[in-house]
Amino acid sequence: MAGIPHPGRRRVLGLASGLLLGTARRVEAQAPDPYRIVVPFPPGAASDGIARLLAERMLRPGATPGAGGVVLVDNRAGAGGNLAGAQVARARPDGRTLLLTIDTTLTVNPYLYADLGYDPEALEPVAVLGTFAQVLLAHPSSGIASMAEFLAKARQGGLPYASGGVGTPGQLVMEAFRLAAGLPAAALVHVPYRGSGPALTDLVAGNVPVGFLAISGAPEFVRSGQVRALAVSSAGRLDTLPGVPTLGEVGFPGLEMEFANLLMAPRGLPPGLAAGIASQAIGMLEEGPVRARFANWNLSARTGGPAEAGAWIARARPRWGEVVRATGMQAG
């Protein structure tokens, strides 16, 4: 009958199918795993942007790790970065799985969470890729136009402030500043948001009066007068807001707070691999367009290799641990 293969033909088809399937399995078995850069933030965050810039460069001829594969940026948001950290910590230490995160994932979360879900020591420092500060912003309707006015309002008690969430840089810097200024816990009321973007949006709208926030996008709001910038948390003034003083300049010398974008890997990389990956990642900042992107994100071009990344974590972890303990800060 038409449409029904002859028995001999069925045997040939079956043999051909088996050969094709076997070939496909051999090709699949031989194909290397894709490179994966895990980011604990949604698309659009600065860390996500850095990861995508790095992914593009990992595919260039002669890149380290090698070219010709697939590089995925895996946005694994949740639990303050712990989900992404756990995924990378459990991966094979072959350089194919990396974590691109801000340092709080490693310096704050061990104090903030009762159970991280993984051992942060299972992650190996690879590189520092830019640092950033926080800016104390106030809405004009708050009546706050200077640090002196901010302190006066805070001393009255119950001044709400916005941040990107519990344990994020905005809350950490504000609480560290409160402790340095000798303000009681009741002076400020934390209003956490799901990210610094929504926090800044609500501050610009006047729904919350103040906040220490990252300034990606904020300079235009400052220049237009929609918000006032009172001070920056960095050691020096920012290029994007040269008229805004540092905390040291407004009466708090030595109070300097910045955060870093860190590239991490599963601990146990082959000798020299971390340095090779770091060299490639740091090298991209020699490109003018990449430096321009960093400036647009209000990130410094400060970089470093495995030793510098490890030293950053070692310095920041006890400092933020003390802030968490002194304030009773807890993850929800």
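That block above? That's the structure.
Residues numbered from 1 in each chain as written. Predicted model: local features only at pLDDT ≥ 70, side-chain atom pairs only at ≥ 80, totals over all residues. Heavy atoms only, no water.

Visitor: Just to check I follow, could you spell out the pattern of salt bridges for this structure?
Guide: Close approach of charged atoms allows side chains of opposite charge to pair. Evaluated as defined, the whole model comprises 10 salt bridges. Put simply, Arg 36 and Asp 74 hold a salt bridge, and the shortest N to O gap is 3.6 Å. One end of the pair, Arg 36, is in strand β1 (residues 35–39); the other, Asp 74, is in strand β2 (residues 71–75), with 38 residues separating them in the sequence. Take Asp 74: its relative accessible area is 11%, and that puts it in the buried class. Close ionic contact of Glu 322 with Arg 325 constitutes a salt bridge, the shortest N to O distance being 3.3 Å. Of the two residues, Glu 322 and Arg 325 are both situated in helix α12 (residues 306–327); the distance of three residues between them amounts to about one turn of the helix. On the basis of relative accessible area, Arg 325 is assigned to the exposed category, the value being 51%. A single network of salt bridges, built from pairs that share partners, joins Arg 36, Asp 74 and Arg 76. (Salt bridge = Lys/Arg side-chain N within 4 Å of Asp/Glu carboxyl O. Helix = DSSP H or I, 4+ residues; strand = E, 2+ residues; numbered from the N terminus. Buried < 20%, exposed > 50% of the residue type's maximum accessible area, 1.4 Å probe, protein only.)

Visitor: What should I look at first to understand the packing of aromatic side chains in this one?
Guide: Within this structure, the stated rule accounts for six aromatic pairs. Look at Phe 177 and Phe 212: their rings are 6.2 Å apart centre to centre, the planes differ by 65°, and that puts the pair in the edge-to-face class. Of the two residues, Phe 177 is situated in helix α7 (residues 169–181) and Phe 212 in strand β8 (residues 210–213); the sequence distance between them amounts to 35 residues. The same class applies to Phe 177 as to Phe 212, namely buried. Of the aromatic side chains, those joined through ring pairs into one cluster are Phe 150, Phe 177, Phe 212 and Phe 252. Here the guanidinium or amino end of Arg 319 rests over the ring plane of Trp 320, the centre of that ring lying 5.4 Å away. (Phe/Tyr/Trp six-rings, centres within 6.5 Å; stacked < 30°, edge-to-face > 60°. Lys NZ or Arg CZ within 6 Å of the ring centre and 35° of its normal.)

Visitor: Any chance you could explain the nonpolar core here in plain terms?
Guide: For soluble globular proteins, the rule of thumb is that nonpolar side chains tend to be buried together. In this structure, Met 147, Phe 150, Phe 177, Leu 247, Leu 263 and Trp 320 are the most contacted members of the largest nonpolar core, which totals 83 residues. The residues contacting Leu 247, other than those within four sequence positions of it, are Met 147, Phe 177, Phe 212, Ala 231, Val 232, Ser 233, Phe 252, Leu 255 and Met 257. Formed by 19 residues, the second largest nonpolar core is a distinct cluster that contains Val 135, Val 204, Leu 241 and Val 244. (Core = buried A, V, L, I, M, F, W, Y, C linked by side-chain atoms within 4.5 Å. Contact = heavy atoms within 4.5 Å.)

Visitor: Hey, could you run me through the pairing of strand β9 (residues 228–232) in this one?
Guide: Look at any regular strand and the pattern is simple: side chains alternate between the two faces of the sheet. With four of its five residues buried, β9 lies for the most part within the structure. For strand β5 (residues 135–138) and β9, the ladder comprises four bridges, and the chain directions are antiparallel. Counterpart to Val 135 in the pairing with β9 is Val 232. (Pairing = 2+ DSSP bridges.)

Visitor: How should helix α8 (residues 196–204) be read in this particular structure?
Guide: Each α-helix winds once per 3.6 residues, and so residues spaced three or four apart point in a common direction. Residues of α8 that are buried include every one of Ala 199, Leu 200, Leu 203 and Val 204, and no others. All buried residues of α8 fall inside an arc of 130° around its axis, so they share one side. Looking one or two residues past α8, Gly 206 carries a phi angle of roughly 85°, positive in sign. (Arc of directions from axis to C-beta.)

Visitor: How should I be thinking about the layout of surface pockets in this particular structure?
Guide: Gaps left between atoms are located by rolling a probe of water-molecule size over the structure's atoms. Taken as a whole, the second largest pocket encloses approximately 220 Å³ of empty space. Considering the residues around the second largest pocket, the lining is formed by Ala 235, Glu 256, Met 257, Glu 258, Arg 302, Trp 312, Arg 315, Ala 316, Arg 319 and Trp 320. In terms of residue class, the lining of the second largest pocket is built from five nonpolar, no polar and five charged. (1 Å grid on protein atoms, 1.4 Å probe; cavity = no way out; pocket = protein on both sides within 12 Å on 5 of 7 lines; lining within 4 Å. Points joined across faces, edges and corners; volume = space filled by probe spheres on them. Nonpolar A, V, L, I, M, F, W, Y, C, P; charged D, E, K, R; others polar.)

Visitor: Is there a simple way to explain the sheet that holds strand β6 (residues 159–163) in this structure?
Guide: The strands that make up a sheet are held in pairs by hydrogen bonds between backbone atoms, and each pair lies either parallel or antiparallel. Taken in spatial order, the five strands make up an open sheet running β7-β6-β8-β5-β9, and their pairing is mixed. Two strands in the sheet have a free side with no partner beyond their single neighbour: β7 (188–192) and β9. This sheet shows a mean twist of 25° between the axes of neighbouring strands, independent of strand direction. In the sheet, β5 pairs with β8 via four bridges, with the strands oriented antiparallel. (Axes fitted to C-alpha atoms, helices over the stretch in contact; angles between N-to-C directions.)

Distances and angles like these do not, on their own, reveal function.
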